[in-house]
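Residue-level structure breakdown
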Amino acid sequence: MKRLFTILAITGLLLFGAAPKAIAQDAAKTEQVADATESKTFHQALKQRFIEGGPFFMGIILVAFIMGLAIAIERIIYLNMATTNTKKLVSEIDGALSSGGVEAAKEVCRNTKGPVASIFYQGLDRMDEGVEAAEKAVVAYGGVQMGLLEKNISWLSLFIALAPMLGFLGTVIGMIDAFDAIQQAGDISPTVVAGGIKVALLTTGVGFVVAMILQVFYNYIISKVDSIVNSMEDSSISLVDLLIRLKK
């Protein structure tokens, strides 16, 4: 009986003594795997995925992303520079018209940047022909400025649509390569089709990511253009009212 208790005690000690050791070994292995994973930087992992996806289609998607991003950044800078405090501008023009007449108001417009000031200048420049001529000039030149605000936005929408389409095209090519590998090997094993399917998934995923990023910029640019256009229309009405009051 004592021998039985002794054997059970030794067995228990061995089990409970080996368990922490096994846990420690597993933890050490986990840490080694984590260190190996962390040692690969995001740039290296991205570069590896880019190569695995195929340099041709991934390169075309990358070019579309760079061109779309360049257009988006250029539009954002231009629109931010085109933003004007219209209430302040209308107030300054009102004061200039009261104190110095049309020429003083035109000088205020020349010293102010943005499409609203340019529209005001064109309207004031036609003031000698009457209020109706000034109003027509404001409307006509407003359309010109709107076209400048929306310049190249259509190209940005093209790249948004093109990126996932290129990804789908890469998917089709990758699946064709997978079926070619199956035909050559005469066997449907995971190792045979894995390469083609990986290319298909990577190109599709990258195309979607590029399209989503550019879509965010596109929506911001559209909302910025709408805001500036609304300010242009409101301030143009205010300018016409000032000119009518000046003629009275």
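Each value, and the rule that gives it
- Here, residues in each chain are numbered from 1, in the same order as that chain's written sequence.
- Since the coordinates come from a predicted model, pLDDT governs what is reported: local features require at least 70, and pairs of side-chain atoms require 80 or more to be given and counted, while whole-chain, interface and lining totals use all residues.
- As a rule here, side-chain values come from all non-hydrogen atoms in the structure, and water together with hydrogens is ignored.
- Simply put, an axis is a line fit to the C-alpha atoms, just over the touching stretch for a helix, and the angle between two N-to-C directions goes from 0 to 180 degrees.
- The helix count covers DSSP runs of H or I at least four residues long, the strand count covers runs of E at least two residues long, and both are numbered beginning at the N terminus.
- Angles are sorted into four bins: roughly parallel if under 35 degrees, roughly antiparallel if over 145, roughly perpendicular if 65 to 115, and oblique for all others.
- Left-handed describes a crossing in which the near helix is turned anticlockwise from the far one by less than a right angle; the clockwise case is right-handed.
- By definition, residues are in contact when any of their heavy atoms lie within 4.5 Å.
- To form a nonpolar core, buried Ala, Val, Leu, Ile, Met, Phe, Trp, Tyr and Cys residues must be joined to one another through side-chain atoms within 4.5 Å.
- Type-normalised accessible area, obtained with a 1.4 Å probe on protein chains alone, sets the label of each residue: buried when under 20%, exposed when over 50%, and partly exposed for intermediate values.
- Basic side-chain nitrogens of Lys or Arg form a salt bridge, by our definition, when they fall within 4 Å of a carboxyl oxygen of Asp or Glu.
- In the cavity and pocket records, a cavity denotes points on a 1 Å grid over the protein atoms alone where a 1.4 Å probe fits but cannot get out, a pocket denotes an open set with protein on both sides within 12 Å along at least 5 of 7 lines, and lining residues are residues with an atom within 4 Å of a point.
- Grid points are joined across faces, edges and corners, and a volume is the space filled by probe spheres set on the points.
- Scored from 0 to 100, pLDDT records how confident the predictor is in each individual residue.
- By the convention adopted, Pro, Cys, Tyr, Trp, Phe, Met, Ile, Leu, Val and Ala count as nonpolar, Lys, Arg, Asp and Glu as charged, and the other residues, Gly among them, as polar.

**What to know about the packing of helix α4 (residues 86-99) against helix α5 (residues 101-110)**
Where α4 contacts α5, the axes come no closer than 6 Å and their chain directions differ by 150 degrees. On the basis of their axis angle, the class for α4 and α5 is roughly antiparallel. Between α4 and α5 lies a crossing of right-handed hand. Residue-level contacts link L89, E92, I93, A96, L97 and S99 of α4 to G101, V102, A104, A105, V108 and C109 of α5.

**Some details on the nonpolar core**
Nonpolar side chains in soluble globular proteins tend to end up buried together. Counting residues in each nonpolar core, the largest one holds 42 residues, and the members touching the most others are I93, F120, L149 and I221. Residue assignment for this core shows that the elements contributing at least two residues are α3 (55-82), α4, α5, α6 (115-125), α7 (131-149), α8 (153-185) and α9 (190-247). Of the residues forming this core, the biggest block, eleven residues, is contributed by α9. Not counting residues up to four positions away in its chain, the partners in contact with F120 are L89, V90, I93, C109, S235, S236 and L239.

**Comments concerning the pattern of salt bridges**
This structure, assessed with the given rule, holds six salt bridges. Across the salt bridge formed by K106 and D125, the nearest N and O atoms sit 3.0 Å from each other. Linking K106 in helix α5 with D125 in helix α6, this pair joins segments that are 19 residues apart in sequence. Assessed through its relative accessible area of 32%, D125 is described here as partly exposed. The closest approach of N and O atoms between R110 and E107, which form a salt bridge, is 2.8 Å. Note that R110 and E107 are positioned in helix α5 at a spacing of three residues, about one turn of the helix.

**Digging into the layout of surface pockets**
Rolled over the atoms, a probe as big as a water molecule pinpoints where empty space is left. Within this model, the second largest pocket holds a volume of roughly 240 Å³. For the second largest pocket, the lining is made up of 14 residues, of which V138, V139, M232, E233 and S236 are closest to its centre. Secondary structure elements with two or more residues in the lining of the second largest pocket: α7 and α9. Looking at the lining of the second largest pocket, the element that brings in the most residues is α9, giving seven residues.

**Some words on the confidence of the model for the protein chain**
When pLDDT drops low, the exact placement of atoms in the prediction is not to be read closely. Per-residue confidence for the protein chain gives a mean pLDDT of 76; residues scoring 70 or more make up 69%. Here helix α1 (residues 2-39) stands out as the element of the protein chain with the lowest mean pLDDT, 41, in contrast to α6, whose mean of 88 is the highest.

**What about unusual backbone geometry?**
Of note in this structure, N152 is not a glycine but carries a positive phi near 70 degrees. Topologically, N152 is positioned in the loop between α7 and α8. Overall, the relative accessible area of 28% leaves N152 in the partly exposed class.

**What to know about the packing of α4 against α6**
With their axes 11 Å apart at the nearest point, α4 and α6 run at an angle of 30 degrees to one another. In terms of their interaxial angle, α4 and α6 are classed as roughly parallel. Seen from above, α4 lies across α6 with right-handed handedness. Contacts between α4 and α6 involve T86, L89, V90, I93 and L97 from the former and V116, A117, F120 and L124 from the latter. Of the residues assigned to the contact of α4 with α6, the class counts are eight nonpolar, one polar and no charged.

**Quick notes on the environment of T112**
Note that T112 resides in the loop between α5 and α6. Among the residues examined, T112 registers a relative accessible area of 23% and is labelled partly exposed. The spatial distance from the C-alpha of T112 to the C-alpha of L89 is 8.2 Å, given a sequence separation of 23 residues. Every residue in contact with T112, bar those within four places of it in the chain, is listed here: T84, L89 and A117.

**Some details on the side chain of Q145**
You can see Q145 is positioned in helix α7. If near-sequence neighbours (up to four positions away) are discounted, Q145 is found in contact with P115, S118, I119 and M232.

**A look at the environment of I71**
With respect to the secondary-structure elements, I71 resides in helix α3. I71 sits in the buried class, given a relative accessible area of 15%. Along the primary structure I71 and K151 are separated by 80 residues, whereas in three dimensions their C-alpha atoms are 9.7 Å apart. I71 has contacts with N152, W155, L156 and F159, leaving out every residue within four places of it along the chain.

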